[in-house]
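Next come the chains, spelled out residue by residue.
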Amino acid sequence: MKILVTGGAGYIGSHVVKLLGENTKHEIVIADNLSTGSADAVLYGRLVEIDLSDFKAVEDFFKNERFDAVIHFAAKIVVPESVENPVLYYMNNTVNTIHLVSMCVKYGVGKFIFSSTAAVYGEPEVGVVTENSPTVPINPYGMSKLMSETVIRDTANAYKGFRFVILRYFNVAGADPDGRIGQCFPNATHLIKVACQTALNARDSMSIFGSDFNTPDGTGVRDYIHVTDLASAHIEALNYLEKGGNSDIFNCGYGHGSSVLEVIKSVKKVSGRDFKVVSSERRKGDPALLIADNTKILKTLKWIPKYQDIDFICKTAYEWEKRLLVK
Ligand code: UDP
């Protein structure tokens, strides 16, 4: 198949491109505006610098290339930024996705894999969520993804030739075990990256946002999933659609989690470094616990995660962060 990967120069997209290049014979074309991604991260395929908001260029691209499948990553992902500038998120994430879907319909691209997020669940009352749990996003980022999901689903209902897999990511972390690619996004706010930067003295200290949650040690619990396992879920999704699988939505997580304290302990262990940790107020909108019920993806996509050990996730994240500092 000829596959378009939008956002393939970014964190998750580049890991998917690597697995596609290593394990499949598909022709890979990467479309990225390089706003946050980097050409160096594209290890396989042909990179085309294109902005999905340039509808004319995107249409010419679809007309000329004739893709069989699209894996759509390109998106803005910073929650506080989405609160400050919602229109940017709805334009970039939702409007561009609507246009991309319309191009698939117009040019006969029958398979669509979409990066969605556990943020569509908002602050769930029950911390372990299934794909049927209520979707009530609490910020424009989550809503921009949920709106895109709706457009994709309705389009598949209307056009028999268009099928999708939507993957709702939980807390993606870690880096390529070969050390070739990782997360380069500046001004990181995600726990594991922040902890690794603190271990490397790139920050003086780090904060624990809330120690009085209703969890075993009082700190927030999340389902951290290694980026290579998440990437392999996309390969399985592609296989599933290739074999004629029905359109569907899947949670992408391990079904178990780690607390903030457990993550910090792990980063200290794998780095061999102690660092300063201070207690802070809870962050607005942070649920106590968010874990994927992953029964459906394990059964339907036959996805076999390999890197569930939190120490391994933190170790690969740390090694990558170390490389970034010496670059
Ligand atoms: N967290 C923290 N300190 C940080 C960053 C995050 O205590 O510097 C906590 C946060 O409150 C949550 C968990 O770590 O309980 C994961 O947060 P992250 O921002 O990595 O992902 P989110 O779950 O918010 O998408």
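Higher on the page you've got the structure.
Observations concerning the sheet that holds strand β12 (residues 248-252)
At step 1: The strand order β3-β2-β1-β4-β5-β7-β12 describes an open sheet built from seven strands, whose pairing is parallel. Since the sheet does not close on itself, it has two edges, and those belong to β3 (46-49) and β12, each with one partner. Put simply, the sheet's adjacent strands are angled 20° from each other on average, direction ignored.
At step 2: Sheet topology places strand β2 (residues 27-32) next to β3; four bridges connect them, and they run parallel. Its bridge partner being in β3, A31 is matched across the sheet by V48.

A short note on the site of the ligand
At step 1: Taken together, 14 residues sit near the ligand, with L191, S207, R222, R283 and D286 positioned nearest.
At step 2: Here an oxygen atom of the ligand and a backbone polar atom of F209 are 2.9 Å apart.
At step 3: Here an oxygen atom of the ligand sits 2.6 Å away from a polar atom, N or O, in the side chain of D286.
At step 4: In isolation the ligand offers 510 Å² of accessible surface; the protein chains occlude 87% of this area.

Notes on the packing of aromatic side chains
At step 1: Inspection of the entire model under this criterion finds eight aromatic pairs.
At step 2: Seen from their ring centres, F61 and F62 are 6.4 Å apart, and the 80° between their planes marks the pair as edge-to-face. There is no split in this pair, since F61 and F62 are both buried.
At step 3: Taken together, F61, F62 and F67 form an aromatic cluster joined through their ring pairs.
At step 4: Against the face of F250 rests K296, its NZ or CZ located 5.4 Å from the ring centre.

A closer look at the layout of surface pockets
Over the atoms rolls a probe the size of a water molecule, and its path tells where empty space is left.
At step 1: In this structure, the second largest pocket occupies an estimated 160 Å³ of space.
At step 2: Lining the second largest pocket are 13 residues, and of these L19, T228, S232, K306 and Y307 sit closest to its centre.
At step 3: Sorting the residues of the lining of the second largest pocket by element identifies α1 (11-23) and α7 (227-242) as the ones contributing at least two each.
At step 4: Tallying contributions element by element places α1 first for the lining of the second largest pocket, with four residues.

What counts, and at which threshold
- Residues numbered from 1 in each chain as written.
- Predicted model: local features only at pLDDT ≥ 70, side-chain atom pairs only at ≥ 80, totals over all residues.
- Heavy atoms only, no water.
- Pairing = 2+ DSSP bridges.
- Helix = DSSP H or I, 4+ residues; strand = E, 2+ residues; numbered from the N terminus.
- Axes fitted to C-alpha atoms, helices over the stretch in contact; angles between N-to-C directions.
- Near = heavy atom within 4 Å.
- Polar contact = N/O pair within 3.5 Å; in protein donor to acceptor, adjacent residues only side chain to side chain.
- Areas by Shrake-Rupley, 256 points an atom, 1.4 Å probe, with all protein chains shown as cover.
- Phe/Tyr/Trp six-rings, centres within 6.5 Å; stacked < 30°, edge-to-face > 60°.
- Buried < 20%, exposed > 50% of the residue type's maximum accessible area, 1.4 Å probe, protein only.
- Lys NZ or Arg CZ within 6 Å of the ring centre and 35° of its normal.
- 1 Å grid on protein atoms, 1.4 Å probe; cavity = no way out; pocket = protein on both sides within 12 Å on 5 of 7 lines; lining within 4 Å.
- Points joined across faces, edges and corners; volume = space filled by probe spheres on them.

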